[in-house]
Amino acid sequence: MVSVGDLPEELIARPQALVVLTGIDIVHNAEHLRIWDAFSNNRRPDRVPIQFKMLPGDHDYLKLKQKKTAYDWVIPKGILKTNWMRKHLHDVPAVVVVFFELDWDEQLWNERKQACATFVEVVRTALHGRQTRAAVVLIQKNAPLPPGEDVVAADRATQLCNACELSAKALFVLPNSDHLLGYVIRLENAFYELAQAYYHHESRVVKAHRDHLNKTTHALLFVRHQFKVAFYNELKQDSHTALKHYRQAYLHLHELRITDYNLLEIKTNSCIVNFKVRRNIYLSWLGLLFTVFLIASSLVTLK
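Criteria and cut-off values
Residues numbered from 1 in each chain as written. Predicted model: local features only at pLDDT ≥ 70, side-chain atom pairs only at ≥ 80, totals over all residues. Heavy atoms only, no water. Phe/Tyr/Trp six-rings, centres within 6.5 Å; stacked < 30°, edge-to-face > 60°. Helix = DSSP H or I, 4+ residues; strand = E, 2+ residues; numbered from the N terminus. Buried < 20%, exposed > 50% of the residue type's maximum accessible area, 1.4 Å probe, protein only. Lys NZ or Arg CZ within 6 Å of the ring centre and 35° of its normal. Pairing = 2+ DSSP bridges. Right-handed = clockwise from strand over helix to strand, strands pointing away. Expected span 1.5 Å × (residues − 1). Core = buried A, V, L, I, M, F, W, Y, C linked by side-chain atoms within 4.5 Å. Contact = heavy atoms within 4.5 Å. pLDDT = per-residue confidence, 0-100. Axes fitted to C-alpha atoms, helices over the stretch in contact; angles between N-to-C directions. Left-handed = near helix turned anticlockwise from the far one by under 90°. Nonpolar A, V, L, I, M, F, W, Y, C, P; charged D, E, K, R; others polar. Parallel < 35°, antiparallel > 145°, perpendicular 65-115°, else oblique.

**Some thoughts on the packing of aromatic side chains**
Moving on, step 1. A complete count under the given rule lists ten aromatic pairs for this structure.
Moving on, step 2. Their ring planes at 80° and their centres at 5.9 Å tell us that F39 and F99 sit as a pair that is edge-to-face. A residue pair is termed long-range when its members are at least 10 positions apart, and F39 in helix α2 (residues 30-40) and F99 in strand β3 (residues 95-101) qualify at 60 residues.
Moving on, step 3. Aromatic side chains W104 and W109 sit 6.1 Å apart centroid to centroid with 45° between the ring planes, which places their arrangement in the tilted category.
Moving on, step 4. Using a relative accessible area of 12% as the deciding quantity, one classes W104 as buried.
Moving on, step 5. W109 gets classed as buried once you look at its relative accessible area, which sits at 4%.
Moving on, step 6. Among the aromatic residues, those joined into a ring-pair cluster are F39, F52, F99, F172 and F191.
Moving on, step 7. In this structure, R186 packs its charged tip against the face of Y183, placed 4.9 Å from the ring centre.

**Considering the pairing of strand β4 (residues 133-140)**
Moving on, step 1. The buried fraction of β4 amounts to seven of the eight residues, a majority that puts the element mostly inside the structure.
Moving on, step 2. As paired elements, β3 and β4 share seven bridges and run parallel to each other. If you follow V96 over to β4, its bridge partner there is A134.
Moving on, step 3. Between the parallel pair β3 and β4, the chain is carried across by helix α4 (residues 109-126), and the sense of this crossover is right-handed.
Moving on, step 4. As paired elements, β4 and strand β5 (residues 171-175) share five bridges and run parallel to each other. When the bridges of β5 are listed, Q140 appears paired with P175.

**Let's talk about the pairing of β3**
Strand residues, when the strand is regular, have side chains that alternate between the two faces of the sheet.
Moving on, step 1. Most of β3 is tucked away: six of the seven residues are buried.
Moving on, step 2. As paired elements, strand β1 (residues 17-22) and β3 share four bridges and run parallel to each other. Paired with V19 across the two strands is V95, which belongs to β3.

**What about α4?**
Moving on, step 1. Under the 1.5 Å per step criterion, the end-to-end length of α4 is 26 Å for 18 residues, consistent within 8% with the ideal 26 Å.
Moving on, step 2. What α4 keeps buried is the set W109, K113, C116, A117, V120, V123 and A126.
Moving on, step 3. Of the residues trailing α4, H128 is marked for its positive phi of about 55°.

**Comments concerning the nonpolar core**
One recurring pattern in soluble globular proteins: nonpolar side chains tend to sit buried together.
Moving on, step 1. Formed by 80 residues in total, the largest nonpolar core has its most connected members in L21, F39, V97, F99, F191 and Y199.
Moving on, step 2. When residues of this core are assigned to their parent elements, the largest contribution, eleven residues, is made by helix α6 (residues 180-207).
Moving on, step 3. Beyond its immediate sequence surroundings of up to four residues, F39 is in contact with L21, R47, F52, F99, V184, L187, E188 and F191.

**A few points about the confidence of the model for the protein chain**
Moving on, step 1. When pLDDT is averaged along the protein chain, the result is 88; 88% of the residues meet or exceed 70.
Moving on, step 2. Within the model, pLDDT remains below 50 along residues 290-295, and this stretch shows zero contacts once partners closer than five positions in the same chain are excluded.

**Considering the packing of α4 against helix α5 (residues 151-164)**
Moving on, step 1. The N-to-C vectors of α4 and α5 enclose an angle of 35°; their axes lie 8 Å apart at closest approach. Considering the relative orientation of α4 and α5, their crossing is right-handed. Side by side, α4 and α5 meet where W109, N110, K113, C116, A117, V120 and R124 of the first sit next to R156, Q159, L160, A163 and C164 of the second.
Moving on, step 2. A breakdown of the residues in the contact of α4 with α5 according to their chemical character gives seven nonpolar, two polar and three charged.

**Some words on the packing of α2 against α6**
Moving on, step 1. Relative to each other, α2 and α6 sit at 60°, their axes nearing to 10 Å. One way to sum up the angle between α2 and α6 is to call them oblique. In terms of crossing hand, the pair formed by α2 and α6 is right-handed. Residue-level inspection shows R34, I35, A38 and F39 of α2 in contact with α6, the latter providing L180, L181, V184, L187, E188 and F191.
Moving on, step 2. For the contact of α2 with α6, the per-class residue count stands at eight nonpolar, no polar and two charged.

**Overview of the sheet that holds strand β2 (residues 50-54)**
Moving on, step 1. Pairing in this open sheet of five strands is parallel, and the strands run β2-β1-β3-β4-β5 from one edge to the other. Every other strand in the sheet has two partners, leaving β2 and β5 as the edge strands with one partner each. Sheet twist, expressed as the mean angle between neighbouring strand axes with direction ignored, is 25°.
Moving on, step 2. Each of β1, β2, β3, β4 and β5 touches α2; the most contacted strand, β2, lies at about 155° to it.

Structure (structure tokens):
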């Protein structure tokens, strides 16, 4: 009998969005160490499910394979790629966040602004054209003024977004404060939203290939693509949608013609997909029970 311990780590682990933090020097900067500890330690269940990694800005990420524009001559070599789940769990980030020390009243504003923009460009180059979201967090000495009261900050934020080619929603401020954890929790919630957008985009890219496939020559890809879409939805913590696509992948597996050559592969992949189906059924029911509990608690409070 196969135990859970015999299954690969990437299969049994709860998929979490991968967010890379860069620009943090925890060896020589005590404040940076505090920031890293606030993100990486004490990951309670009530915090958003993110796996944080700290990497240098020029880290050499996995190169993006050239996208296929047509499948006429494509012959799949297998059903599921061996390292695909591990790659998206540990190597391909949904978001890369650049931390940069820069105050709104910086006297050498133009030089520092350009240095920040250059850092962001280095990160984008290292990502080799991936659609990974980029964000910038400015580490500042003082707490920001209420929105609308600091005209200089608003103007310089616009300048910085233009220089870095960033949306205003991807620029954040982290003041040096005794309430660091509160700011960090707000930041990671924002990073989680960016990660959701990334995984949604990636799943749509996979779905777009459907029109180019036919079941005669691409039967294996029908399974693979449904599995990929399901896994991206797991990374989004959408168990209901993930379950739907894992079930579809399982149905496509049963439509494959079994031979002596592919019997073991089909059996193995059926076990993998079946495991994912069962886990997401459990998570879907868990989510439903939690919702019922919240509704019941609200009704009791109203009484």
